[in-house]
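# Coordinate inspection notes
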Amino acid sequence: MAVSQTLSELVHTAQITAKSSQDRISEILKLAEGQTLSTAQIKEMTSETRAIELAAVDIFTVFEARMQRHFKRGPLSRKVKEALLAAGNAHLADRLHQYYLAINVLKHGTGASYRELLNNKSTLIVVTRTADTADKSQDVPTSLIDVTPAPFFDGLAETILEASHFLENR
């Protein structure tokens, strides 16, 4: 029977995956040097972006599954947010909520989480309006949430680790 990896180890592995995809996207854009991307480059960028999205959804799902034991039942993210606010950690509560909304949008598309992010003035998550979901200059499909900048995944990882540390030590 294999030993299960810790949440920290899983987050680190997810960060490596995301970084690899981010690096490949940067290489493609650098090679294009402002020129129109080829169909193959567009497909590869789409594939790498999707890999980052899947890694984000997967690691947040693992976080929720591992931390659910701290609460009897109910929506984990809401309960963690309440616990963080009660402990005076509003900044972490807000970050966790923003990432929760972003993951919901990645999983389900437009809906309540998408609308809440659109109305939010936070710079943590870059939301694309549905009318803008294709880059007209390059015909590059874009997601509702821009996961390609390094701060997105690094922030998600840091938030997950801080929230899990909070829960494990309260």
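The notes below deal with the structure included here. (Residues numbered from 1 in each chain as written. Predicted model: local features only at pLDDT ≥ 70, side-chain atom pairs only at ≥ 80, totals over all residues. Heavy atoms only, no water.)

### Here's the deal with the pattern of salt bridges
Here the structure, examined in full by the defined rule, presents 7 salt bridges. Note that Lys-19 is salt-bridged to Asp-23, the shortest N-O span being 2.7 Å. Taken as a pair, Lys-19 and Asp-23 lie in helix 1 (residues 7–32) at a separation of 4 residues, close to a single helical turn. Judged by relative accessible area, Lys-19 falls into the partly exposed class, the value being 45%. Residue classification places Asp-23 among the partly exposed positions, given a relative accessible area of 33%. The partner of Glu-158 in a salt bridge is Arg-95, and the shortest N-O contact between them spans 3.7 Å. (Salt bridge = Lys/Arg side-chain N within 4 Å of Asp/Glu carboxyl O. Helix = DSSP H or I, 4+ residues; strand = E, 2+ residues; numbered from the N terminus. Buried < 20%, exposed > 50% of the residue type's maximum accessible area, 1.4 Å probe, protein only.)

### Re the environment of Asn-104
Inspection of the secondary structure puts Asn-104 in helix 4 (residues 90–108). Classification of Asn-104 by relative accessible area gives buried; the value is 14%. Between the C-alpha atoms of Asn-104 and Tyr-114, which are 10 residues apart in sequence, the distance is 8.0 Å. Excluding anything up to four places from it in sequence, Asn-104 contacts Gly-109 and Ser-113. (Contact = heavy atoms within 4.5 Å.)

### What to know about the side chain of Gln-41
With respect to the secondary-structure elements, Gln-41 resides in helix 2 (residues 39–67). Leave out the neighbours within four places in its chain, and Gln-41 touches Ile-28 and Thr-36.

### As for the nonpolar core
In this structure, Phe-60, Phe-63, Ile-145, Phe-152, Phe-153, Leu-156 and Ile-160 are the most contacted members of the largest nonpolar core, which totals 46 residues. Ranked by the residues each element gives to this core, the list is headed by helix 2, at 10 residues. Dropping the residues within four chain positions of it, Phe-63 is found in contact with Leu-7, Leu-76, Leu-96, Ile-160, Ala-163 and Ser-164. (Core = buried A, V, L, I, M, F, W, Y, C linked by side-chain atoms within 4.5 Å.)

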